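Below, each chain spelled out in residue letters.
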Amino acid sequence: MRKAWWKEAVVYQIYPKSFQDTNGDGIGDLQGIIRHLDYIHDLGATVIWLNPIYASPQVDNGYDISDYQSIHPAFGTLDDFRQLLDEAHRRGIRVILDMVLNHTSDEHRWFQESKKSKDNPYRDFYIWRPAKNGKEPNNWGNYFYEGRGSAWEWDETTQEYYLHNYSKKMPDLNWDCPAMRQEIYSMLRWWCDLGIDGFRLDAINRLQKPKGLPDSTRPCAPPVNPYGYIVDREMCANQPGIHDLLKELNREVFSRYDIMTVGETGNLTSVKALPYIHEDSHEINMLFHFEIAKNAHLVSVPEYKDIQKRWADVIRQGGWSTQYLTNHDSPRQISRFGNDGEFRVESGKMLAMLSHTQPGTIYVYQGEEIGMINVNFPSIEYYDERYTVGKYHSMVEQGVDPKEALEQLKMMSRDNVRTPMQWSSEQFAGFSDSKPWLSVNPTYTEINVQAAIADPASILYTYKQLIALRKEHPVMVYGDYCPVMEQYENVVAYTRAYEGEKWFMIFNFQAAPQEIEFPEELKGLTERALLMCNYPDHKARTLRPYEARIYKIS
Ligand code: GLC
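Residues numbered from 1 in each chain as written. Predicted model: local features only at pLDDT ≥ 70, side-chain atom pairs only at ≥ 80, totals over all residues. Heavy atoms only, no water.

(A) A look at the overall build of the protein. The helix and strand tally for the protein stands at 16 helices and 20 strands. Rg of the C-alpha trace for the protein: 24 Å, near the compact-globule value of 24 Å for 554 residues, within the 12% margin. For the protein, the C-alpha atoms occupy an extent of roughly 75 × 50 × 50 Å along the three principal directions. Out of the 554 residues in the protein, the part that is buried amounts to 63%. The long-range share in the protein, meaning contacts at least 24 apart out of those at least 6 apart in sequence, stands at 71%. Accessible surface, the protein: about 21300 Å² in total, of which carbon and sulfur atoms supply 49%. Side-chain charges in the protein split into 60 positive and 77 negative, and the spacing between the mean points of these groups amounts to 3 Å. (Helix = DSSP H or I, 4+ residues; strand = E, 2+ residues; numbered from the N terminus. Rg over C-alpha atoms; globule rule 2.2 N^0.38 Å. Buried < 20%, exposed > 50% of the residue type's maximum accessible area, 1.4 Å probe, protein only. Contact = heavy atoms within 4.5 Å. Areas by Shrake-Rupley, 256 points an atom, 1.4 Å probe, with all protein chains shown as cover. Lys, Arg positive; Asp, Glu negative; His and termini not counted. Charge placed at Lys NZ, Arg CZ, Asp CG, Glu CD.)

Put into structure tokens, the structure is as follows:
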């Protein structure tokens, strides 16, 4: 297996809007990130990934870009960004940017031009179609359940519809347009020339739309849109032609720099992964699949094991993988996969030990390292993000009781991870001096960075230890992965082996204790072989709730 810095990396994901406010407007900013670089360095992370920081009307918190080459004023200036880049590099931390190439904001200059007339030079940068029988060109529904639900918006001036898979404020770019592609490539090179270290590529497997934009024929999951639009995310995923586009992106941009690329690829399982990420494909380095962190579905432990096994095979065949349990689009991992009550600390440590010993590049989302949990907002007015709000109104409109609708949406809301970072027990959690743009999670009085630093038994130190171990033991990065003890449904156990070093990990992925029998080759395991455990003491054959152990057996 080829070695690479991005395989060894631990990436710390920062949601700039919610990380640290330094100018008292209730919105996080770039100076706030600079303020905490020592904290990130101390944690051990080697890369930071910033969610979009570009000029944007903030309809979707920056995923609606109105100018790719300037910074959103609430976050700061290009000089602030240059300073951030320098300060990060000085500490040995690389910086990767979130790049949104599937769509722009409707306030982007290209779209403003595009909608002026059918013969405007920018017309083809977006996807325009005439009405079909007086209606939208097809039955696609937008992913945000916005408005009446269509993925098409009528434009009076030119009497045509434009496509927007997300918000109507986020028109899809037309990747069949060579002039548009050239603009994108030179913009990406501009960022690389500035010294950034890579890109997280938003919705990257959706750039190529299906030829002819046919109707979706897949039945829509409930609640069915009353207007007949179908939210079918498969329609634009992994379409023929996508690999040619990515190869071109790689040729024109990625291959010219020493950068890392990670694609966000919904609707993709391990089966379709290799062409994107195989070493010889020359497309992208790795991708975020949603097999574990999929919306609205809680994987079982056997499913989890099956998924990890399949992705370990992808690596064996020349690809690479990512390990994450949460990001800015999914709930807090302890609330989702662990236990955010009695076993918050134990399960938080277990999930960390599990992720960090699985094969792939490690991603830590801000606040995960101190065990932040989901928020329990009392009403819809507290929520901000498009998906929760759109879906709520669509459900209520269809007769679902408002309270019930909220209950159903709470667990998976993306705002669970977007509440301000909890730095201390001071007002507004030390995030800002004034009221934050999104309410603070009331748990901040207990769960915060200051308290975590003061407590040697906190989750934070488990992360620090794991990240430090990764730097010392290549087996955590390059080790071959082999599942063991598969007969226990809720236990995850495996070995990793690399150049004579062998580790064995075992996790009780449930709130109940579990008796286990070690296989012959592991029976002789001694205390001395134990590298880490999330309980201060333990009994050899009984696993406590969420108990996790890492042994170095050779
Ligand atoms: C990706 C982002 C998400 C955003 C969407 C549209 O899924 O992660 O936050 O809403 O793309 O850009």
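Additional details are given in the paragraphs that follow.
(B) Expanded view of the pattern of salt bridges. In the structure shown here, the tally under the stated rule is 38 salt bridges. The salt bridge partner of Glu 252 is Arg 256, with a shortest N-O separation of 3.6 Å. A relative accessible area of 48% places Arg 256 in the partly exposed class. When salt bridges with common partners are traced through the structure, they connect Asp 60, Asp 329, Glu 385, Arg 414 and Arg 418 into a single cluster. (Salt bridge = Lys/Arg side-chain N within 4 Å of Asp/Glu carboxyl O.)

(C) Summary view of the pairing of strand E9 (residues 198-202). Extensive coverage of E9 is indicated by the burial of 5 of its 5 residues. Side chains of E9 alternate between two faces, with Gly 198, Arg 200 and Asp 202 and Phe 199 and Leu 201 buried alike. Note that E9 and strand E10 (residues 260-264) share 4 bridges and pair parallel. Within the sheet, the bridge partner assigned to Gly 198 lies in E10 and is Met 260. (Pairing = 2+ DSSP bridges.)

(D) Quick look at the sheet that holds strand E18 (residues 530-533). Strand order in this open sheet of 5 strands is E14-E15-E16-E20-E18, and the pairing throughout is antiparallel. A strand with exactly one partner marks an edge of an open sheet, and here the two such strands are strand E14 (480-483) and E18. This sheet shows a mean twist of 15° between the axes of neighbouring strands, independent of strand direction. In the sheet, E18 pairs with strand E20 (residues 548-552) via 3 bridges, with the strands oriented antiparallel. (Axes fitted to C-alpha atoms, helices over the stretch in contact; angles between N-to-C directions.)

(E) Spotlight on the packing of helix H11 (residues 344-357) against helix H15 (residues 459-472). Following both chains from N to C, one finds H11 and H15 inclined at 15°, their axes separated by 9 Å at the closest point. The angle between H11 and H15 places the two elements in the roughly parallel class. Judged by the sense of rotation from one axis to the other, the crossing of H11 with H15 is right-handed. Contacts between H11 and H15 pair Arg 344, Val 345, Gly 348, Lys 349, Ala 352, Met 353 and His 356 from the former with Ile 459, Thr 462, Tyr 463, Leu 466, Ile 467 and Arg 470 from the latter. Broken down by class, the residue content of the contact of H11 with H15 amounts to 7 nonpolar, 3 polar and 3 charged. (Parallel < 35°, antiparallel > 145°, perpendicular 65-115°, else oblique. Left-handed = near helix turned anticlockwise from the far one by under 90°. Nonpolar A, V, L, I, M, F, W, Y, C, P; charged D, E, K, R; others polar.)

(F) Examining the nonpolar core more closely. Counting 152 residues, the largest nonpolar core has Tyr 12, Ile 48, Phe 81, Leu 101, Ile 184 and Phe 199 as the members making the most contacts within it. Once you skip the residues sitting within four places of it in the chain, Leu 101 turns out to touch Tyr 68, Leu 173, Trp 175, Ile 184, Met 187, Leu 188, Leu 201, Ile 204, Leu 207 and Leu 249. Core analysis: the next-biggest nonpolar cluster, separate from the first, contains 14 residues, Tyr 488, Ile 516, Phe 518 and Ala 529 among them. (Core = buried A, V, L, I, M, F, W, Y, C linked by side-chain atoms within 4.5 Å.)

(G) Molecular detail of the site of the ligand. Not every one of the 13 residues close to the ligand is listed here, only the nearest: Asp 60, Asp 202, Glu 264, His 328 and Asp 329. At 2.9 Å from an oxygen atom of the ligand is found a side-chain nitrogen or oxygen belonging to His 103. Within the side chain of Asp 202, a nitrogen or oxygen atom sits 2.9 Å from an oxygen atom of the ligand. (Near = heavy atom within 4 Å. Polar contact = N/O pair within 3.5 Å; in protein donor to acceptor, adjacent residues only side chain to side chain.)

(H) Structural detail: the sheet that holds E10. Pairing is parallel in the open sheet, where 8 strands are placed in the order E11-E10-E9-E5-E2-E1-E13-E12. Taken across any chain shown, the strands that pair with only one partner, and hence form the sheet edges, are strand E11 (286-288) and strand E12 (322-323). Bridge count for E12 against strand E13 (residues 361-365) is 2 bridges, and the pairing is parallel. Bridge assignment links Gln 323 to a residue of E13, and that residue is Ile 362. Across the sheet, helix H4 (residues 78-90) is in contact with strand E2 (47-50) and strand E5 (94-100); its angle to E5 comes to roughly 140°.

(I) A look at the packing of aromatic side chains. For the coordinates displayed, the defined rule picks out 31 aromatic pairs. Where Phe 288 meets Tyr 324, the ring centres are 5.1 Å apart and the plane angle is 75°; that geometry is what we call edge-to-face. Of this pair, Phe 288 sits in strand E11 while Tyr 324 sits in the loop between E12 and helix H10 (333-337); the two residues are 36 residues apart in sequence, bridging distant segments of the chain. Within the aromatic cluster, the residues linked to one another by ring pairs are Tyr 12, Phe 19, Tyr 39 and Trp 423. Above the plane of the ring of Trp 5 lies Arg 94, whose end atom (NZ or CZ) is 3.8 Å from the centre. Taking the ring centre of Tyr 143 as reference, the NZ or CZ of Arg 233 above it sits at 4.6 Å. (Phe/Tyr/Trp six-rings, centres within 6.5 Å; stacked < 30°, edge-to-face > 60°. Lys NZ or Arg CZ within 6 Å of the ring centre and 35° of its normal.)

(J) Geometry of the pairing of E13. Within E13, 5 of the 5 residues are buried, leaving the element largely enclosed by the surrounding structure. By the alternation rule, side chains of E13 split into Thr 361, Tyr 363 and Tyr 365 and Ile 362 and Val 364, which are all buried. Note: strand E1 (residues 10-14) against E13, 4 bridges, orientation parallel. Counterpart to Val 11 in the pairing with E13 is Tyr 363.

(K) Local environment of the domain arrangement of the protein. One can read the domain layout of the protein as domain 1 (5-102 + 178-382 + 416-464), domain 2 (109-163) and domain 3 (479-552). Spacing between the C-alpha centres of domain 1 and domain 3 amounts to 30 Å. The partner domain 3 presents 26 residues to the 23 residues of domain 1 that form the contact. For the pair domain 1 and domain 3, the two sides together bury roughly 2100 Å², of which 69% comes from carbon and sulfur. Contact with domain 3 buries area across many residues of domain 1, yet Met 350, Met 353 and Thr 357 alone supply 29% of it, more than any other trio. On the surface where domain 1 and domain 3 come into contact, there are 2 salt bridges. Between Arg 316 and Asp 480 there is a salt bridge, with the nearest N and O atoms lying 3.0 Å from each other. Between domain 1 and domain 3 we count 11 residue pairs in polar contact (both at pLDDT 80 or more) in total. If you list the elements that add at least two residues to the side of domain 1 that touches domain 3, you get helix H9 (301-316) and H11. For the side of domain 1 that touches domain 3, the per-class residue count stands at 11 nonpolar, 7 polar and 5 charged. (Domains from an automatic or database assignment. Buried area = accessible area lost by both parts, 1.4 Å probe.)

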